[in-house]
Amino acid sequence: MTQPLPQAAAGVFRYVTVEKHILELIESGELAAGERIPSLRVLGNRLGVSVTTVNQAYLELERRGVVEARPKSGFFVRHAPPRRPAPQGASQPAKAPAAVARGALIREVLDGMGRRDIVPLGVARTDEALLPVKQLARLLAKVAAGDDRVTSYEGVCGNLEFRRQIAWRLAEAGIEAGPEDVMITGGAMEALYLALRSVTRPGDNVAIPAPTYYCFLQLLENLGLRAVELPSFPDGGVRPVDLRAALDRFDLRAVILTPNFNNPDGSLIPDAAKAEMAALLAERGVPVIEDDVYGDLHFSERRPRCLRSFDASGNVLHCSSFSKTLAPGFRLGYMLPGRHAARAFEIKATTNVCCATPTQIAGAMYLAQGVFERHLRKTRAVLERQARMTEERVLRHFPEGTRVTHPGGGSVVWVQMPDCVDSIALFYEAKALGIGVAPGNIFSSCDQFKHFLRLSYGHAWTPAVEQALATLGRLAHELAARGTTLELVP
């Protein structure tokens, strides 16, 4: 029998939670196509919500084409959400270390960041409408008006109270840390930069997932490092067996992993595999840099554990930020440098000395209010709904044979199109129509993903977004008919 919605749903847009509940019944097969779904009153009583809330959820599902209303009969399942195989992982095992050259196309993709004149499906972000903008603005104004520390330097490691708040939150991810273990950075990218500088020298080999976040590739390129690509799969990410094989074959000086919702394939590495890889890397003395910017944006009941939670020797350099959950413009990132803390401190002190004082104080004040988790629950509920809607539209509009991921968190889906559709050609045609996308080529140094596309669902769902997805599908059909292919220019 259906149970009332859990207390964890408090603060979430409750109609979104009801909507998710019905979708789960359909996906599990408990509700089949053509079957009547529970009445407004019956489901409201079962879930402990109002009839108005259930009705709002049903109307949204009807708008999405999942259910249909029949006069004097109620709501019926129109069709089960389409389920097709997930996109494939990397097509090849780790190859010889390769220099990275993706700068030109990456710059064109990044050109869409912050622009208001395009539909931003190519930027992995959380829309401002889902962020606590007003609360943070009030706190920042309060700091600017009444705190004499506002114009002073912070310590190299950052504001003590902010670091204390971060250390308390890390316990949810299974990480035991104190404020002395935390270093504040200018977003996660600075944390990753400091981590790589702390453990590598130009010419070193660094293992990365394939596909991986394109800015990681750009960072390797700028630091003169060579990439060894480890296959990543949407249904489990990088596998320990592939990591072990690469360690045996190549002289690796560091490994970069995003265990929780890898960008772009959304993969989640199972806890057992995380533990195995953490132990293996510690045994070999190879430091691992963990990117966990999406860990808080999970769609399950509990937050996934981090690689750092399985590390007892300080071998994992844990990096994250609040850019996806609070305010990207505040540039509030952090890292746990572990046994490399002294080197990270030296590099930080000679790079930008410290991060901005006002935003750190405001961030600490916000976390101390105890409202962050409630904000996250609401944000996660909306993001999950938009993820499913994006999946539906891709499968509806793109050519037959298209595959799309079914992420359990994060803010992007990974789309595999038929081999006759070139993602770079699609990128340029979409750009000409004011639509931003991220072509699959830039997520690898080895051109493994020419027919893939990354789409963001973190933006507000608007008619413009709806139309943009339909337009992308039409363009993909046209490219498939023409068989157009463009070469990537370094």
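Analysis parameters
Residues numbered from 1 in each chain as written. Predicted model: local features only at pLDDT ≥ 70, side-chain atom pairs only at ≥ 80, totals over all residues. Heavy atoms only, no water. UniProt positions renumbered as here; feature names shortened; annotations may be inferred. Pairing = 2+ DSSP bridges. Helix = DSSP H or I, 4+ residues; strand = E, 2+ residues; numbered from the N terminus. Salt bridge = Lys/Arg side-chain N within 4 Å of Asp/Glu carboxyl O. Buried < 20%, exposed > 50% of the residue type's maximum accessible area, 1.4 Å probe, protein only. Contact = heavy atoms within 4.5 Å. Domains from an automatic or database assignment. Buried area = accessible area lost by both parts, 1.4 Å probe. Polar contact = N/O pair within 3.5 Å; in protein donor to acceptor, adjacent residues only side chain to side chain. Core = buried A, V, L, I, M, F, W, Y, C linked by side-chain atoms within 4.5 Å. Phe/Tyr/Trp six-rings, centres within 6.5 Å; stacked < 30°, edge-to-face > 60°. Lys NZ or Arg CZ within 6 Å of the ring centre and 35° of its normal.

Looking at an unreviewed UniProt entry, one finds the protein named Aminotransferase class I/II-fold pyridoxal phosphate-dependent enzyme and attributed to Solidesulfovibrio aerotolerans. According to its UniProt record, the protein has this under Sequence similarities (unreviewed entry): "In the C-terminal section; belongs to the class-I pyridoxal-phosphate-dependent aminotransferase family."

Participant: Teacher, can you tell me more about the sheet that holds strand E16 (residues 452–456) here?
Facilitator: By definition, the strands of a sheet pair up through backbone hydrogen bonds, in either a parallel or an antiparallel sense. With antiparallel pairing, the 4 strands of this open sheet are ordered in space as E12-E13-E16-E15. Where the open sheet ends on each side, the last strands, each with one partner, are strand E12 (403–404) and strand E15 (438–439). The sheet contact formed by strand E13 (residues 412–416) and E16 spans 5 bridges and is antiparallel. Looking across to E16, one finds that Val413 is bridged to Leu455.

Participant: Explain the pattern of salt bridges here, please?
Facilitator: Once their charged atoms are close, side chains differing in charge can pair, the charge on each being opposite to the other. According to the stated counting rule, one finds 25 salt bridges in the structure shown. Where Glu466 meets Arg393, a salt bridge forms, and the shortest distance between an N and an O atom there is 2.4 Å. Of the two residues, Glu466 is situated in helix H15 (residues 463–482) and Arg393 in helix H13 (residues 372–397); the sequence distance between them amounts to 73 residues. Residue class for Arg393 comes out buried when judged on its relative accessible area of 2%. The residue Arg482 makes a salt bridge to Glu429 at a minimum N-O spacing of 2.5 Å. Here Arg482 is found in helix H15, whereas its partner Glu429 is found in helix H14 (residues 423–432), with 53 residues between them in sequence. Using a relative accessible area of 46% as the deciding quantity, one classes Arg482 as partly exposed. Relative accessible area serves as the criterion here: at 25%, Glu429 is assigned to the partly exposed category. Here the salt bridges do not stand alone but share partners, grouping Arg169, Glu172, Asp292, Asp296, Arg303, Glu373 and Arg380 into one network.

Participant: I would appreciate a short explanation of the environment of Ala327 in the present structure.
Facilitator: Within the fold, Ala327 resides in the loop between strand E10 (316–321) and strand E11 (332–336). Taking relative accessible area as the criterion, Ala327 reaches 12% and is therefore assigned buried. Put simply, Ala327 and Ala344 are 17 residues apart on the chain and 25 Å apart in space, counted from C-alpha to C-alpha. Apart from the residues within four sequence positions on either side, Ala327 is in contact with Leu136 and Phe322.

Participant: Can you help me understand the domain arrangement of the protein in this one?
Facilitator: Interface size, as often reported, equals the accessible area lost upon joining of the parts. Domain boundaries assigned for the protein yield domain 1 (14–77), domain 2 (131–372) and domain 3 (382–487). Relative placement of domain 1 and domain 3: their C-alpha centres are 29 Å apart. Across the contact, 9 residues belong to domain 1 and 11 residues belong to domain 3. Summed over both sides, the interface of domain 1 with domain 3 buries roughly 720 Å², with 40% coming from carbon and sulfur. Taken as a group, Val16, Arg63 and Arg64 account for 58% of the area that domain 1 buries against domain 3, more than any other trio of residues on that side. Seen at the junction of domain 1 and domain 3, the total is 2 salt bridges. Between Glu19 and Arg385 there is a salt bridge, and its shortest N-O distance comes to 3.2 Å. There are 2 residue pairs in polar contact (both at pLDDT 80 or more) connecting domain 1 and domain 3. Broken down by secondary-structure element, the contributors of at least two residues to the side of domain 1 that touches domain 3 are helix H1 (14–28) and helix H3 (51–63). Looking at which element gives the most residues to the side of domain 1 that touches domain 3, the answer is H1, with 5 residues.

Participant: So what exactly am I meant to see when it comes to the sheet that holds strand E6 (residues 226–233) here?
Facilitator: One open sheet accounts for 8 strands, arranged E4-E11-E10-E9-E8-E5-E6-E7; its pairing is mixed. Of all the strands in the sheet, just strand E4 (183–186) and strand E7 (237–238) have a single pairing partner and so form its edges. Sheet topology places strand E5 (residues 205–210) next to E6; 6 bridges connect them, and they run parallel. Its bridge partner lying in E6, Asn205 is registered against Arg226.

Participant: In this structure, what is going on with the side chain of Lys274? I would like to understand it.
Facilitator: Looking at the secondary structure, you find Lys274 in helix H10 (residues 271–284). A polar contact of 2.7 Å, which involves the side chain of Lys274, links it to the side chain of Asn260. Not counting the four nearest positions on each side in its chain, Lys274 is found in contact with Pro259, Asn260, Leu268, Ile269, Pro304, Arg305, Leu307 and Phe310.

Participant: Is there a simple way to think about the nonpolar core in this case?
Facilitator: Across soluble globular proteins, nonpolar side chains have a tendency to be buried as a group. Counting residues in each nonpolar core, the largest one holds 76 residues, and the members touching the most others are Leu121, Leu196, Ile289, Met335, Leu455 and Leu472. Apart from the residues lying within four places of it in its own chain, the contact partners of Leu472 are Leu121, Phe398, Leu426, Ala430, Ile435, Val437 and Leu455.

Participant: Help me out: how do you make sense of unusual backbone geometry in this one?
Facilitator: Both trends apply: most residues other than glycine have a negative phi, and most peptide bonds are in trans. For the bond running from Ala210 to Pro211, omega is 10°, close enough to zero to count as cis. Pro264 follows Asn263 through a cis peptide bond whose omega is 25°. Mapped onto the elements, Pro264 comes out in the loop between strand E8 (252–257) and H10. Despite not being glycine, Phe261 has its phi angle at roughly 65°, a positive value.

Participant: Help me understand the environment of Val123, please; the structure alone is not making it clear to me.
Facilitator: Among the secondary structure elements, Val123 is positioned in the loop between strand E3 (119–120) and helix H5 (133–146). With 74 residues separating them in the primary sequence, Val123 and Val49 have C-alpha atoms 36 Å apart.

Participant: Looking at this structure, how should I read the packing of aromatic side chains?
Facilitator: Aromatic ring pairs are defined here through the distance separating the ring centres and the angle between the ring planes. All chains considered together, the criterion is met by 13 aromatic pairs. Here the aromatic rings of Tyr58 and Phe75 are separated by 5.1 Å at their centres, their planes lie at 70°, and the arrangement is edge-to-face. Of this pair, Tyr58 sits in helix H3 while Phe75 sits in strand E2 (residues 74–77), and the two are 17 residues apart along the sequence. Cluster of aromatic residues (ring-pair linked, three or more members): Tyr213, Tyr214, Phe216, Trp414, Phe443, Phe449 and Phe452. Above the plane of the ring of Phe76 lies Arg70, whose end atom (NZ or CZ) is 4.0 Å from the centre. Directly above the ring of Phe233 sits Arg239, whose terminal nitrogen or CZ lies 3.8 Å from the centroid.

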